[in-house]
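Here is how the chains run, residue by residue.
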Amino acid sequence: MKAAPLNKKFWTPGVLVMLCFMIAGAIAILGRFTGGIGYVTNLSNARPWGLWVGVDVATGVALAAGGFTTAALAHIFGRHHYESVTRPALLTAALGYTFVVLGLLVDIGRSWAIWKPMFNWNFNSVLFEVAMCVMIYLNVLYIEFLPIVAEQFKDRVNLPGMLSSLNSLVNWILKTGDAILNKTMWIFIILGVVLSCMHQSSLGSLMLVAPTKLHPLWYTPLLPLMFLASAIAVGYPMVIFETTIATSSFKLDPEMDILTPLTRFTIYLLGFYLLIKTGDMIYRKTWVYLLDGTYQTNSFLVEMICGIALPWVMLLFNRVRQSRTGIFIAACLIIGGVVLNRVNVFIVGYKPPISEGTYFPAVGEMLVTFGLIATLMFIYRIAVTFLPVLPGSREVNV
Amino acid sequence: MLLSRRNFFKILGAAGASTALPAGSAQAWSSKAPDDPYGCLVDLTRCVGCRKCEEECARVNELPAPERPNCQCTIFEKNRRPDDDAFTVVNRYFTGRIDNFNKPVPTYAKVQCMHCQDPACVSACIVGALTKDETGAVRYNKDKCIGCRYCMVACPFEIPAYEYDDPITPKVMKCTFCYDRISKDGGLPGCAGICPTEAITFGKRSTLLKVGKKRVKENPGIYLDHIYGEKEVGGTSWMYLSSVPFKKVKLPGLPETPSPKLSETIHHSLFSYLWSPIALFGVLAAFMSRTKKEADNPDNKGGV
Ligand code: SF4
Ligand code: SF4
Ligand code: SF4
């Protein structure tokens with residue numbers, strides 16, 4: 001079950017659809033950098049954060065949690081059985097964080113100034129800590145990914161045309177890097193987990209500075225813990241989601257022998273998340289809002305019931321855990337629940353103290369978001385086609 | 001990938017030492033407000049809605065002239081907010097008060113940055129582009145700003161505005177408290193200096209509080225016994241006196257706790273001296289080294 005490059009056709013109808021979204025997104029980004037943020041978004045002074053922060057950044061970070069949760073499981077807690085899913089999860093995380101940064105570049109007003117937090121520190125700012133962690137973690141992810149590139153190209157570097165004179169140099173860099181990393185990788189693995197815990201929780205602390213502006217159903221001092229717990233809980237469902245999609249679209253072995261035991265961890269992790277969310281609601285007596293019928297409350301109910309409770313109950317059944325469709329649906333619900341949670345905290349539950357009126361993302365905002373997601377999927381496809389990421393030897397139906 | 005025993009104990013030692021730290025360093029949150037800042041007291045019973053402050057504010061801050069500067073009627077039909085072209089605006093409210101002829105009496109209220117004592121925007125700003133000055137002014141430095149707009153998310157008064165139509169160098173826009181003027185001896189903020197009815201009094205915040213309380217006491221039945229901004233979000237440099245409930249003139253009801261208190265307390269207790277990340281690193285390294293020893297299979301190369 002060693003990971004290997006896929007030997008498959010690259011241009012499929014699906015890839016062409018992705019390409020269309022990428023082009024549409026690129027046009028919207030062009031609009032953003034010529035007409036300003038206001039030209040393509042519905043953001044306002046009352047609503048400074050919208051789809052881009054809620055989805056591209058906050059959700060992107062949460063859904064990339066498969067990277068550190070699988071690394072912890074296989075490499076730190078020594079469950080080597082799961083090693084075959086660490087590579088695709090690592091790839092998703094590396095790509096996910098790359099696109100979080102790209103999304104940020106579009107969203108922040110002065111994109112060219114993105115380096116400034118490195119030299120202007122505000123230790124009171126939660127966002128400062130998030131930014132530092134994300135920046136370092138992105139580099140850690142690239143470093144963790146390097147051995148995979150090295151494995152494929154070591155001693156086979158063959159750059160085209162004029163660049164070929166650099167072949168031996170690039171090869172030397174790959175080999176030395178790989179050799180050094182072989183000894184030091186444990187540092188980066190642990191560092192990756194630590195950094196993830198830090199900024200996953202701090203993303204939740206972001207809204208704590210605005211106690212009067214976030215709906216009480218979500219505003220709680222436990223927000224950082226909840227963000228961390230949900231990120232950890234969504235890690236394995238993300239792996240299930242990706243693996244199922246990848247193995248079915250590339251017609252590989254469905255790997256149920258790995259996915260089914262993974263769900264057993266999810267029962268505990270999701271159960272813990274459900275417990276603190278319910279406990280917090282009871283302790284702070286915010287259940288009084290539950291039946292008031294506002295769209296915030298309804299959104300909260302959907303998040304709690306369809307996104308947490310339902311998949312948790314589903315996974316308790318052995319029949320569901322053994323079924324490929326069953327765990328896929330449960331994983332989708334859990335992922336949907338975490339996405340909705342981030343959207344709720346940053347968009348739905350946010351109420352400006354004075355201005356009225358709601359926010360709904362503009363077409364331009366959605367095009368950018370979809371375009372970024374399509375590009376991510378496109379690169380994922382390139383990577384699994386040409387690099388040893390997915391377990392290849394047990395292919396069926398070649 | 002193997003962790004040597006010696007290294008492992010070193011790490012664990014560091015982790016242990018660092019877990020002891022927060023106990024010693026867990027001082028309670030303390031306010032960073034300046035001792036004796038300036039402030040302004042806005043007396044809504046005196047304001048007549050002439051909008052001279054809007055005009056003067058635009059002039060001294062080199063902003064475009066306000067919309068229809070001489071209009072004191074139809075301009076009020078729409079409630080306005082400060083934006084990237086105006087640091088302050090005056091709104092008219094009918095709060096249900098009527099005069100002797102049964103005609104509704106308007107209340108006019110100027111809005112601008114409150115220059116909070118412990119400002120949420122300053123605590124939030126990722127790069128420290130916003131700072132609370134000794135004068136009381138909350139100042140913005142565009143050369144540090146990256147445009148994340150977290151300050152706008154944080155502000156409980158919905159004040160900072162953004163130049164959404166500038167693609168490359170947009171700025172956060174808000175009342176400067178006329179820093180360049182008030183930091184000089186005898187300098188007055190533009191709006192306070194021009195106001196024909198002396199509805200805006202500039203002075204030391206402590207003095208203004210005394211003035212306000214005296215005014216309330218000497219005019220029984222006129223004012224509410226509440227100086228808005230004395231205690232709201234831990235106190236603000238700009239404060240208001242009114243005869244109508246503040247909520248009715250869109251000054252939001254706010255807790256007395258400074259907005260940044262909870263977030264800073266949690267954040268610092270988690271991360272001061274990076275104790276928790278270091279401890280976590282140590283614990284994970286311990287686990288890793290143990291599982292490595294158990295698994296008789298150290299060759300784990302590239303399997304990341
Ligand atoms: S009113 Fe808002 S912008 Fe002004 S100092 Fe307070 S938090 Fe900052
Ligand atoms: S927009 Fe600028 S001033 Fe506001 S928090 Fe971000 S960096 Fe600071
Ligand atoms: S203090 Fe200065 S900047 Fe602020 S509203 Fe008055 S004139 Fe405008």
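Calculation rules
- Residues numbered from 1 in each chain as written.
- Chains lettered and ligands numbered in written order.
- Predicted model: local features only at pLDDT ≥ 70, side-chain atom pairs only at ≥ 80, totals over all residues.
- Heavy atoms only, no water.
- Contact = heavy atoms within 4.5 Å.
- Buried area = accessible area lost by both parts, 1.4 Å probe.
- Salt bridge = Lys/Arg side-chain N within 4 Å of Asp/Glu carboxyl O.
- Polar contact = N/O pair within 3.5 Å; in protein donor to acceptor, adjacent residues only side chain to side chain.
- Helix = DSSP H or I, 4+ residues; strand = E, 2+ residues; numbered from the N terminus.
- Nonpolar A, V, L, I, M, F, W, Y, C, P; charged D, E, K, R; others polar.
- Patch = residues over 30% accessible without salt bridge, like charges linked within 9 Å, V, L, I, M, F, W, Y side chains within 5 Å.
- Areas by Shrake-Rupley, 256 points an atom, 1.4 Å probe, with all protein chains shown as cover.
- Buried < 20%, exposed > 50% of the residue type's maximum accessible area, 1.4 Å probe, protein only.
- pLDDT = per-residue confidence, 0-100.
- Phe/Tyr/Trp six-rings, centres within 6.5 Å; stacked < 30°, edge-to-face > 60°.
- Lys NZ or Arg CZ within 6 Å of the ring centre and 35° of its normal.

Draft legend 1. Region of the structure containing the interface of chain A and chain B. Taken together, the contacts link 79 residues of chain A with 72 residues of chain B. Interface of chain A and chain B: buried area, both sides summed, is about 6300 Å²; carbon and sulfur atoms make up 62% of it. When the buried surface of chain A facing chain B is broken down by residue, A:R110, A:W186 and A:V209 rank first, second and third, together holding 13% of it. Where chain A packs against chain B, one counts one salt bridge. For B:R149, the salt bridge identified is with A:D107, shortest N-O distance 2.9 Å. On the surface where chain A and chain B come into contact, there are 28 residue pairs in polar contact (both at pLDDT 80 or more). The element that contributes the greatest number of residues to the side of chain A that touches chain B is helix α7 (residues 167-205) of chain A, accounting for 16 residues. A breakdown of the residues in the side of chain A that touches chain B according to their chemical character gives 44 nonpolar, 21 polar and 14 charged.

Draft legend 2. Local environment of a nonpolar patch on the surface. All names here are of chain A. On the surface, I114, W115, M118, F119, M135 and I136 cluster together to form a nonpolar patch covering roughly 550 Å² of accessible area. Positionally, I114 belongs in the loop between α5 (83-107) and α6 (126-153). Residue I114 is classed as partly exposed on the basis of its relative accessible area, which comes to 32%.

Draft legend 3. Geometry of the confidence of the model for chain A. Confidence along chain A averages 91 in pLDDT terms, with 98% of residues attaining 70 or more. In the model, residues 393-398 of chain A has pLDDT below 50 throughout and makes 12 contacts with residues more than four positions away in sequence or in other chains.

Draft legend 4. Representation of the packing of aromatic side chains within the structure. Evaluation of the coordinates by the stated rule reveals 21 aromatic pairs over all chains. Between A:F21 and A:F370, the aromatic rings sit 6.0 Å apart at their centres with planes inclined by 70°, giving edge-to-face as the arrangement. Of this pair, A:F21 sits in helix α1 (residues 13-35) while A:F370 sits in helix α13 (residues 363-386), placing them 349 residues apart in sequence. Look at A:F21 and you get partly exposed, because its relative accessible area is 37%. Residue class for A:F370 comes out partly exposed when judged on its relative accessible area of 41%. On the basis of an interplanar angle of 75° and a centroid distance of 4.9 Å, the ring pair of A:F77 and B:F287 is categorised as edge-to-face. Taken together, the residues A:F77 in the loop between α4 (66-76) and α5 and B:F287 in helix α9 (residues 275-294) connect one chain to another. Here B:F287 falls in the partly exposed class, since its relative accessible area comes to 34%. The rings of A:W49, A:F227, A:F346 and B:Y150 are connected pair by pair, giving a single aromatic cluster. For B:K204, the ring lying beneath its charged end belongs to B:Y38, and the centroid distance is 4.1 Å.

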